Amino acid sequence: MKICIACGMPMKEPADFAMGDIKKDYCVHCMRPDGTIQSYEEKIDSLTAFIIKTQGMDRLAANNAAGNMMARLPAWREVSSK
Ligand SMILES: [Zn+2]
């Protein structure tokens, strides 16, 4: 089983993969409408919104939490070590 390199979600079914393509390393939630992977900024924005909604944090705390989560994921290791 693969996990998404951008958000860490386990990908079990072809429908979980970007474009339904099991050769992709990222999931359907981390792709743009054209099938390419979202940028760091796009992903941190959507993750921040998700944390605010699910955990009720304020925007700054949620943004920090999102950054910490993403720092552990392969897709962003280089971006976040800058
Ligand atoms: Zn993902």
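Remember, it's a predicted structure, so these values are computed and weren't measured experimentally.

A.B. asks: For this particular structure, what's the right way to read the overall build of the protein chain?
C.D. replies: Across its full length, the protein chain carries three helices and two strands. Along the protein chain, from the amino end to the carboxyl end, the secondary structure elements read β-β-α-α-α. Here the protein chain has a C-alpha radius of gyration of 13 Å; the compact-globule value for 82 residues is 12 Å, and the two agree. Principal axes of the C-alpha set define a box for the protein chain whose edges measure 35 × 30 × 25 Å. Look at the contacts in the protein chain between residues 6 or more apart in sequence, and 23% of them connect residues 24 or more apart. Carbon and sulfur atoms make up 57% of the accessible area of the protein chain, which totals about 5,300 Å². Within the protein chain, the 10 negative side-chain charges are centred at a point lying 3 Å from the centre of the 11 positive side-chain charges.

A.B. asks: Sorry, what's going on with the coordination of the zinc ion here?
C.D. replies: Metal coordination angles in their ideal form are 109.5 degrees for the four-donor tetrahedron and 90 or 180 degrees for the six-donor octahedron. In this structure, C4 (SG), C7 (SG), C27 (SG) and C30 (SG) serve as the protein donors to the zinc ion, at separations of 2.2 to 2.3 Å. One can describe the site at the zinc ion as tetrahedral: its four donor atoms subtend angles covering 106 to 115° at the metal. Of note, the zinc ion draws all its donor residues from one chain, in the sequence arrangement C-x2-C-x19-C-x2-C. Remark: C30 occurs in the loop between β2 (10–11) and α1 (40–55) and C4 occurs in the loop between β1 (2–3) and β2; sequence separation between them is 26 residues. Grouping residues by exposure puts C4 and C30 together as buried.

A.B. asks: Hey, could you run me through the pattern of salt bridges in this one?
C.D. replies: Any two side chains of opposite charge can pair, on the condition that their charged atoms come close. On inspection of all chains with the given rule, the structure shows four salt bridges. For E42, the salt bridge identified is with R32, shortest N-O distance 3.0 Å. Placement of E42 in helix α1 and of R32 in the loop between β2 and α1 is noted, with a sequence separation of 10 residues between them. Relative accessible area serves as the criterion here: at 35%, E42 is assigned to the partly exposed category. Overall, the relative accessible area of 30% leaves R32 in the partly exposed class. If you follow the salt bridges from partner to partner, you end up with D21, K23 and K24 in one network.

A.B. asks: What exactly am I supposed to notice about the environment of A75 here?
C.D. replies: Tracing the backbone shows A75 in the loop between α2 (59–71) and α3 (77–80). Taking the relative accessible area as the measure of exposure, A75 reaches 25% and is therefore partly exposed. Separated by 65 residues in the primary sequence, A75 and P10 place their C-alpha atoms 15 Å from one another. Here A75 is in contact with I5 and A6, once residues within four sequence places are set aside.

About the cut-offs
Each chain has its residues counted from 1, running along the sequence as written. A pLDDT threshold of at least 70 governs which residues receive local features in this predicted model, and a stricter bar of 80 or more applies before side-chain atom pairs are shown or counted, although totals over entire chains, interfaces and linings include all residues. Processing note: side-chain calculations cover all non-hydrogen atoms of the structure and skip hydrogens and water entirely. A helix here means a DSSP run of H or I that spans at least four residues, while a strand means a run of E at least two residues long, and both kinds are numbered starting from the N terminus. It is over C-alpha atoms that the radius of gyration is taken, and the globule rule equals 2.2 Å times the number of residues to the power 0.38. Here, residues are in contact when the closest pair of their heavy atoms is within 4.5 Å. Per-residue accessibility takes into account occlusion by the displayed protein chains alone, with areas from the Shrake-Rupley method and a 1.4 Å probe. Asp and Glu are treated as the negative residues and Lys and Arg as the positive ones, with His and the ends of the chain left uncounted. Note on charges: their place is set at NZ of Lys, CZ of Arg, CG of Asp or CD of Glu. Sodium, potassium and calcium take a 3.2 Å donor cutoff, other metals 2.8 Å, and in both cases only N, O and S atoms count; water is not among them, so sites may look incomplete. Under the classification used here, a metal with four donors is tetrahedral if each angle lies between 85 and 135 degrees, square planar if opposite donors are over 155 degrees apart and the others between 65 and 115, a six-donor metal meeting that same test is octahedral, and anything else is irregular. Each residue is assigned to one of three classes by its accessible area relative to the maximum for its type, calculated with a 1.4 Å probe on protein chains only: buried under 20%, partly exposed between the two thresholds, exposed over 50%. Salt bridges, as used here, are contacts in which a Lys or Arg side-chain nitrogen is within 4 Å of a carboxyl oxygen on Asp or Glu.

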